[in-house]
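# A closer look at the structure
Listed below are the residues making up each chain.
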Amino acid sequence: MIMQSEFKSLREIPPIDYYTAGRRTCAGCGPAIGYRLISKAAGPNTIFIGPTGCMYVANAHQFLTSPYSVPWHHTQLGGGGAAAIGIASALRILMLKGKRKPEDINVIVMGGDGAMADIGLSGLSMGLSYDYQRLLYIVYDNEGYMNTGVQASSTTPWGATTTFTPSGKVKPLGNTRYKKNVALIAASHPNVKYVATATLWPPLDLMNKVVRALNSGGPSVIHALFPCPKGWFTSPADTVMLSKLAVETGMWVLWELIEGQFKLNYRPNPRKHVREYLSLQGRFRHLKDEDIDKMDKMIEEEWFYWNESAKQEKLILPY
C-alpha cells in the first residue's frame, strides 16, 4: 500500500483541482468548499460516490456534465453505503483475478444529512462492518435538508428555525430536538479504523483527516460541519468564519478516534460565548437572550465529557 502523506503547511496543498468548474452550487456553499479540499487531499486515484442531495443536484443533475475530473457515481439517497461496498468489492475481485493491476484506489462517499445521518444511516453502519481499505464515508452536515427547501433533519441543532420547525406562537423555539452525533454512532462499531469530526477551519485539519482516514487500513468516517448560506440565512462571505466560530464557541468539537484511541484536536481557551456564532445566522434570530444562555450552558456542560475523554484517551459519552 502506498501511504499518502499529510500536509504540513498550506504551501504543500496541490494546485490541481479535482472538483472543478461547471457546478451550480450557491455562493459560499460549505459542502462545495469541502469537496474541493477533500478531493485535493485524496488525489486523482479516487472514485467519489454522491447520493442524492445538494452535491448531486447542484453538481451533476442536468446537462450530462459534472465538475469532477475523477470518476463520480450517483446513487439513490439511501444507497451510499451499499454502493461503496459494491465498488470496493468489484475493485478487489478484479485485482485478485488479474483483470486490473493492483493499485490503491480511494472510494469516498460524500453524503449529506439524509444520505448519511438519516435515510442512509443503516447503509453507513453496514459499510463499517466490512474490511475494505481506503473506504471513507464523509457526512457533510449542513444541518438540514437544504436541497428540498430547508427542512429539519436529525442533525439540525436545538433552537434553529426551518420550514418544518418554524418559530411561532405555539413553538417559539423552532426545533426542540437535540442534534444527533453521527461520529459517536460510527465510533461504536467494533471494526471501524478511524472516526473524526471536521469543518472548514482550519483547512489542514480536514485535509489531513482525509489522509489519515484513507491510510487507516479499513472503513472510516468523517463527520464534517459545512455551513449553508441558504439554510442558515448567512452571508456567503461568512462560511469559513462560521466554521471557525463553531469550533471556538465549542458548538462543534474537533476530535478523532484512531484504533479506539481518542484525541481532542482543538480546545478553545477561552471558549467564546455561543452568541458570537449564533448572531451571524438568521435561523437563530428568534431566540431570546435566555435561550442563547441556555444553549451556552449546555455546551459548557458537554465539554466536561470531551475534556475527560481527552484525559483518558477514550470516548466518554456526553449524554
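Look a little higher up for the structure.
Treat the numbers as computed from the prediction; the structure is a model and nothing was measured.

### A few points about the packing of aromatic side chains
Tallying each qualifying case throughout the model produces 13 aromatic pairs. With 5.7 Å between their ring centres and 20° between their planes, tyrosine 130 and tyrosine 132 make a pair best called stacked. Ring pairs connect the aromatic residues Tyr19, Tyr35, Phe48, Tyr56, Tyr68 and Trp72, which therefore count as one cluster. Positioned above the aromatic ring of tryptophan 232 is the side chain of arginine 283, whose terminal nitrogen or guanidinium carbon lies 4.0 Å from the ring centre.

### What about the pattern of salt bridges?
Taken as a whole and assessed by the stated rule, the structure comprises 16 salt bridges. Residue aspartate 131 pairs with arginine 92 through a salt bridge whose shortest N-O separation is 3.3 Å. Linking aspartate 131 in the loop between α5 (121-127) and β4 (135-141) with arginine 92 in helix α3 (residues 80-96), this pair joins segments that are 39 residues apart in sequence. Between arginine 271 and aspartate 296 there is a salt bridge, and its shortest N-O distance comes to 3.0 Å. Placement of arginine 271 in the loop between β8 (261-264) and α10 (275-278) and of aspartate 296 in helix α11 (residues 289-312) is noted, with a sequence separation of 25 residues between them. Its relative accessible area of 12% is what places aspartate 296 among the buried residues. One connected set of salt bridges, linked through shared partners, spans Asp141, Glu143, Lys179 and Arg283.

### Side note on the nonpolar core
In this structure, Tyr137, Val195, Trp255, Tyr277 and Leu278 are the most contacted members of the largest nonpolar core, which totals 57 residues. Looking at this core element by element, the count peaks at six residues for α3. Dropping the residues within four chain positions of it, tyrosine 137 is found in contact with Gly80, Gly81, Ala84, Ile85, Val109, Met116, Leu124, Gly127, Leu128, Ser220, Val221 and Ile222. The next biggest cluster of nonpolar side chains, apart from the first, holds 33 residues, and it includes Cys29, Ile138, Leu204 and Ile222.

### Things to note about the sheet that holds strand β2 (residues 72-75)
Strand order in this open sheet of eight strands is β2-β1-β3-β4-β6-β5-β7-β8, and the pairing throughout is mixed. Two strands lie at the open edges of the sheet, namely β2 and β8, each paired on one side alone. Across the sheet, the axes of successive neighbouring strands diverge by a mean angle of 15°, strand direction being ignored. As paired elements, strand β7 (residues 255-258) and β8 share four bridges and run antiparallel to each other. Each bridged residue has a counterpart across the sheet, and for glutamate 256 the counterpart in β8 is lysine 263. In the packing of α11 onto the sheet, contacts are made with β7 and β8, and the angle to β8 comes to roughly 120°.

Reading the values: rules and limits
Residues numbered from 1 in each chain as written. Predicted model: local features only at pLDDT ≥ 70, side-chain atom pairs only at ≥ 80, totals over all residues. Heavy atoms only, no water. Phe/Tyr/Trp six-rings, centres within 6.5 Å; stacked < 30°, edge-to-face > 60°. Lys NZ or Arg CZ within 6 Å of the ring centre and 35° of its normal. Salt bridge = Lys/Arg side-chain N within 4 Å of Asp/Glu carboxyl O. Helix = DSSP H or I, 4+ residues; strand = E, 2+ residues; numbered from the N terminus. Buried < 20%, exposed > 50% of the residue type's maximum accessible area, 1.4 Å probe, protein only. Core = buried A, V, L, I, M, F, W, Y, C linked by side-chain atoms within 4.5 Å. Contact = heavy atoms within 4.5 Å. Pairing = 2+ DSSP bridges. Axes fitted to C-alpha atoms, helices over the stretch in contact; angles between N-to-C directions.

These figures capture arrangement, not role.
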